[in-house]
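Structural description and commentary
Each chain is listed here by its residues.
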Amino acid sequence: MPGRTPPRLSECRFLQPFSGKAISPPPVWLMRQAGRYLPEYREIREKAGGFLDLCYTPTLAAEVTLQPIRRFGFDAAILFSDILVVPHALGQKVEFKEGEGPVLEPIRQAADLSRLDQSRTTDKFAKVYETVARVRDGLPRGTALIGFCGAPWTVATYVVAGHGTTDQADARLWAYRDPEGFSRLIDILTTTSIEYLSGQILAGADVVQIFDTWAGALPTNELERWVITPTRKIVTELRSRHPEVPVIGFPKGIGVHVPHYVEETGVDGIGCDTTMPMPELRDRIAELGVVMQGNLDPLLLVAGGVELERRVCEIISEAGDAPFIFNLGHGIVPQTPPSHVARLVELVRQGSSG
Ligand code: CP3
């Protein structure tokens, strides 16, 4: 595997906000920018067989990572993989069923934790690192590469329930009934995520993002133990191993706790969901030296039209002169017309130039 190319700060627009500089127009990428809304993705997906086969086949995973870069010219690519690769690599049975989403063999109690084995991850993670290296080689100079993992709490909600849930009740209940046992699961996911992100960085990722989609399901006092503490461990360890690589946190749904999350975890960037009031948060986040990222409603990207145009301009003006990266407030949905994505990129690039 080729060694990590040092980040080319001066050539890379995406990295500039992380050195405290607001740039105009802001860099733009979109969560789930590779995926089913693109016909060229659906074609490769069919060829690959299962979704996990696609994640573990470096030539194909690298190809789908690069597709949205070729089509739209985003400032950053995001590695094509999934947050559930971590429990799968640890030995949990994970399947992606057509029209049903992920199905896992649930781990419901401390006694089941013996099914997870940290020494087993090597081969599967090696495939992901090979994808990172291939993407790095295939990217235009100046386009950043984002690596990622799911936050331990969000991954745990799938590990415990065995599928996606609306209220994350199974993980919350285990955490209340047996906090010691549940914290062993969180610890396994935390140490594995550190190794996994560090491996992605060594293979060529310039930035990493921690997706905590279900952070907002926790009551305030639980947020500290299951979201903030594990995230701080990941950020602290990555910072000591790779001080130059920014870490973006995306704790969806935590609302007023965002500044606390930013301060306590030490992230370099904060992904804002659609409910976060960016104008109110802006100065506080900028004072902490942290980049704000967000937060267009993915459904507005489906709708398109003048409402999309209006909101894109509004978001850019809400960011003001704070270091900012344009994104959605959550992932692209499959019914998104690719032409609306092209229009969005055009709007971001024009919107702030005049
Ligand atoms: O952003 C990107 O383009 C990179 C790839 C990426 C995927 N999933 C590909 C994917 C990333 C960063 C993720 C993150 C992810 N995966 C999250 C966190 C962010 C979020 O969206 O909340 C979560 C919770 C998952 C778990 C997951 N993966 C679910 C619930 C599903 C089923 C729902 C769905 O959209 O199908 C997936 C499958 C998945 N992951 C697909 C893609 C492109 C679709 C699978 C397919 O092609 O059939």
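The notes below deal with the structure included here. Here the residue numbers are simple positions, counted from 1 along each chain's written sequence. The predicted origin of the model limits local features to residues at a pLDDT of at least 70 and limits the giving and counting of side-chain atom pairs to 80 or more, whereas totals for whole chains, interfaces and linings rest on all residues. Neither water nor hydrogens contribute to the side-chain values; these are computed over all heavy atoms in the structure.

Looking at the nonpolar core
Nine residue types can take part in a nonpolar core, namely buried Ala, Val, Leu, Ile, Met, Phe, Trp, Tyr and Cys, and a core is a set of them joined through side-chain atoms within 4.5 Å. For every residue, the accessible area obtained with a 1.4 Å probe (protein chains only) is divided by the maximum for its type, and the residue is called buried under 20%, exposed over 50%, and partly exposed between those limits. By size, the foremost hydrophobic cluster in this structure holds 123 residues, and its most contacted members are Phe14, Phe182, Leu185, Leu296 and Phe326. Considering each element in turn, this core owes the most residues, 10 residues, to helix α8 (residues 179-203). The contact definition used throughout considers only heavy atoms, calling two residues in contact when any of these lie within 4.5 Å. Those residues in contact with Phe14 that lie beyond four places of it in its chain are Pro27, Trp29, Asp75, Ala76, Ala144, Ile146, Val207, Ile248 and Ile325. Helical segments are the DSSP runs of H or I of at least four residues, strand segments are the runs of E of at least two, and each set is numbered from the N terminus.

Describing the sheet that holds strand β7 (residues 269-271)
What makes two strands pair is DSSP finding at least two bridges between them. With parallel pairing, the seven strands of this open sheet are ordered in space as β1-β4-β5-β6-β7-β8-β9. Single-partner strands in this sheet number two, and they are β1 (76-78) and β9 (324-328). Sheet twist, expressed as the average angle between the axes of neighbouring strands with direction ignored, equals 25°. In this sheet, strand β8 (residues 291-296) lies alongside β7 in parallel orientation, the contact comprising three bridges. Fitted lines through C-alpha atoms give the axes, limited to the stretch in contact for helices. The angle between two N-to-C directions lies from 0 to 180 degrees.

A closer look at the site of the ligand
Nearness of a residue to a molecule or strand requires only that one of the residue's heavy atoms be within 4 Å of it. Near the ligand, the surroundings consist of 22 residues, among which Arg32, Arg36, Tyr41, Asp82 and His330 are the closest. Residues adjacent in sequence count toward polar contacts only when both atoms are side-chain atoms; beyond that, a polar contact is any pair of N or O atoms within 3.5 Å, and within protein one must be able to donate a hydrogen and the other to accept it. Taking Arg36, its side chain carries an N or O atom lying 2.7 Å from an oxygen atom of the ligand. Taking His330, its side chain carries an N or O atom lying 2.7 Å from an oxygen atom of the ligand. Note on areas: Shrake-Rupley with a 1.4 Å probe; residue coverage comes only from the protein chains shown. Contact with the protein chains removes 88% of the 870 Å² of surface that the ligand exposes when unbound. Sorting the residues of the shell around the ligand by element identifies α1 (39-48) and β3 (101-104) as the ones contributing at least two each.

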